[in-house]
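Descriptive structure summary
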Amino acid sequence: MENPFKFGTIVEAEYFTDRVDEVAYIKEYVKSANHLVLISPRRFGKSSVVAKTVKQSGRKHITVNLQQVTSVSDLSATLLREFFKVHPLERIRHLITHFRVIPTVSTNPVTGSMDVSFQPGADGTVLIEDVLTLIERAHTEKDRIIVVLDEFQDILDLAPNFDKQLRSIMQNQKHINYILLGSQESMMTDIFENKKSPFYHFGQMMRLGKLPREDFHRYLSERLTKIFPESCNELADSILNYTNCHPYYSQQLAANVWQVGVLQQGIENPFETAIGHIVAAHGLDFERIWMNFNRTNRWILKRLSTGKPLQSGEYRTSTIYSALKRLQKDGYVIYSDHYEMEDPFFREWILASEETPFA
Ligand SMILES: Nc1ncnc2c1ncn2[C@@H]1O[C@H](COP(=O)(O)OP(=O)(O)O)[C@@H](O)[C@H]1O
Ligand SMILES: [Mg+2]
């Protein structure tokens, strides 16, 4: 029997649950001439919800993850390659003749997909302008294309002043709906809410929360029932309590509970066993990360893990606050209505290490 839970990649179809309102909202939004900015901590389901929506919209769309491009030139080539997936080269060849630097386009004989590259050393600012102009020109106001830029905060690392250039190109475009996703809350807020930023008030801001408990519970127990017909409800509860409804970690834990149930039929404590497996599998990583934390960070993470208050007089409020901000930026801590550790298994590891002191 195939594991009915999936984590780590974009989830679709039977692995995707709820987000009904979000899908409807995004769909409605890209019908207008506006752009959308979607923010949440990593692994909340941004890429998945946007992938589902653009697919359902029936419109032409391309997606590029800025975490996976190394330069402006690489971004331009990647955008162009994605563009060729929705527009056959033959039909837009005449538009490419306007390019100041002509790309090398070849068909990969193995995958059948297009490979695109620009000559090394070509000026990225010229390339990106030509590529985005091509995308604009191939469309009309009635037939807008959706361009999704994932992990958009990475734009700031790509090249100095690139944000400014990109904004000035996008400014005049009328045939593209941009959806910009980002997982670093503070950076994204700075890009779109800071008056000095070129992307100030570029689009509608939307924040993605965790999945609603009731829906997620149903999703988990419906699937767990095949292996745990009697305890599936209880297991779903335990999982969501433990992960605090985090989409990724809940799927990860459920997948492991399932696995334990399949391999060790009739096991009494599948939930604890699964947690044990996951923590053990990541133990080395956790240890390495922990060793690189300074004393303040360690103290904060221990307090968050044990649920003890941070305002205990041990550290100054300003010290705690700036450390929390950093930990949040680096993805170890998330804030919804309170600060919590992002990874429940790291929390578990810290708690276990409390008993056998290591620091
Ligand atoms: N709608 C959903 N239903 C079920 N699981 C989801 C959903 N959205 C996300 N997940 C879980 O979270 C993981 C991360 O999703 P992803 O879209 O990559 O998040 P992000 O782009 O915010 O980092 C997925 O692999 C899946 O396990
Ligand atoms: Mg993503």
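Being a predicted model, the structure only gives us computed values, none of them experimental. (Residues numbered from 1 in each chain as written. Chains lettered and ligands numbered in written order. Predicted model: local features only at pLDDT ≥ 70, side-chain atom pairs only at ≥ 80, totals over all residues. Heavy atoms only, no water.)

Thoughts on the environment of E151
Defined as follows: Per the convention used, a helix needs a DSSP run of H or I reaching at least four residues, while a strand needs a run of E reaching at least two, with both numbered from the N terminus. The rule is simple: take the accessible area with a 1.4 Å probe, protein chains only, and divide by the maximum for that residue type; under 20% is buried, over 50% is exposed, in between is partly exposed. Contacts between residues were defined by any pair of non-hydrogen atoms, one from each residue, lying within 4.5 Å. Here a polar contact means two N or O atoms within 3.5 Å. Within protein one must be a hydrogen donor candidate and the other an acceptor candidate, and residues neighboring in sequence count only if both atoms are side-chain atoms.
Relative to the helices and strands, E151 is located in the loop between strand 5 (145–150) and helix 6 (155–158). Taking relative accessible area as the criterion, E151 reaches 11% and is therefore assigned buried. Apart from residues no more than four positions distant in its own chain, E151 is found in contact with N65, L66, Q67, L181, G182 and S183. For E151, the side chain forms a polar contact with the side chain of Q153, separated by 2.9 Å. For E151, the side chain forms a polar contact with the side chain of S183, separated by 2.7 Å.

Notes on unusual backbone geometry
Despite not being glycine, A13 shows a phi value in the positive range, around 40°. Mapping A13 onto the fold places it in the segment before helix 1 (20–31). On the accessibility criterion, A13 (57% relative accessible area) is exposed. Of note, the phi angle at C245 is positive, near 65°, even though the residue is not glycine. When you line up the elements, C245 lands in the loop between helix 10 (232–243) and helix 11 (247–263).

Here we look at the sheet that holds strand 1 (residues 36–39)
Test applied: For two strands to count as paired, DSSP must find a minimum of two bridges between them. Axis definition: a line fit to C-alpha positions, over the contact stretch in the case of helices; interaxial angles, taken between N-to-C directions, run 0 to 180 degrees.
A sheet is described by the order of its strands in space; here five strands give the open sequence 2-5-6-1-7, paired in parallel fashion. Strand pairing shows two members of the sheet lacking a second neighbour, strand 2 (61–65) and strand 7 (204–207), which therefore form its edges. Between one strand and the next, the sheet's axes are offset by a mean angle of 15°, whatever the strand orientation. Pairing of strand 5 with strand 6 (residues 176–182), which is carried by five bridges, proceeds in the parallel orientation. Note on strand 6: the bridge partner recorded for I145 is I176. Contacts from helix 1 reach strand 1, strand 5, strand 6 and strand 7 within the one sheet, and its direction differs from that of strand 7 by about 170°.

Regarding the pairing of strand 5
Among the six residues that make up strand 5, six are buried, leaving the element largely enclosed by the rest of the structure. What you see with strand 5 is no split at all: I145, V147 and L149 on one side and I146, V148 and D150 on the other are buried throughout. Looking at chain direction, strand 2 and strand 5 are connected through five bridges and run parallel. Pairing of H61 across the sheet is with I146, part of strand 5.

Remarks on the domain arrangement of the protein
For clarity, the cut-off: Domains are outlined according to an automatic or database domain assignment. Using a 1.4 Å probe, buried area is obtained as the accessible area two parts lose upon being combined, added over both of them.
For the protein, the domain assignment lists domain 1 (19–207) and domain 2 (213–355). Taken over C-alpha atoms, the centre of domain 1 sits 34 Å from the centre of domain 2. In this complex, domain 1 contributes eight residues to the contact, which on the side of domain 2 involves eight residues. For the pair domain 1 and domain 2, the two sides together bury roughly 760 Å², of which 53% comes from carbon and sulfur.

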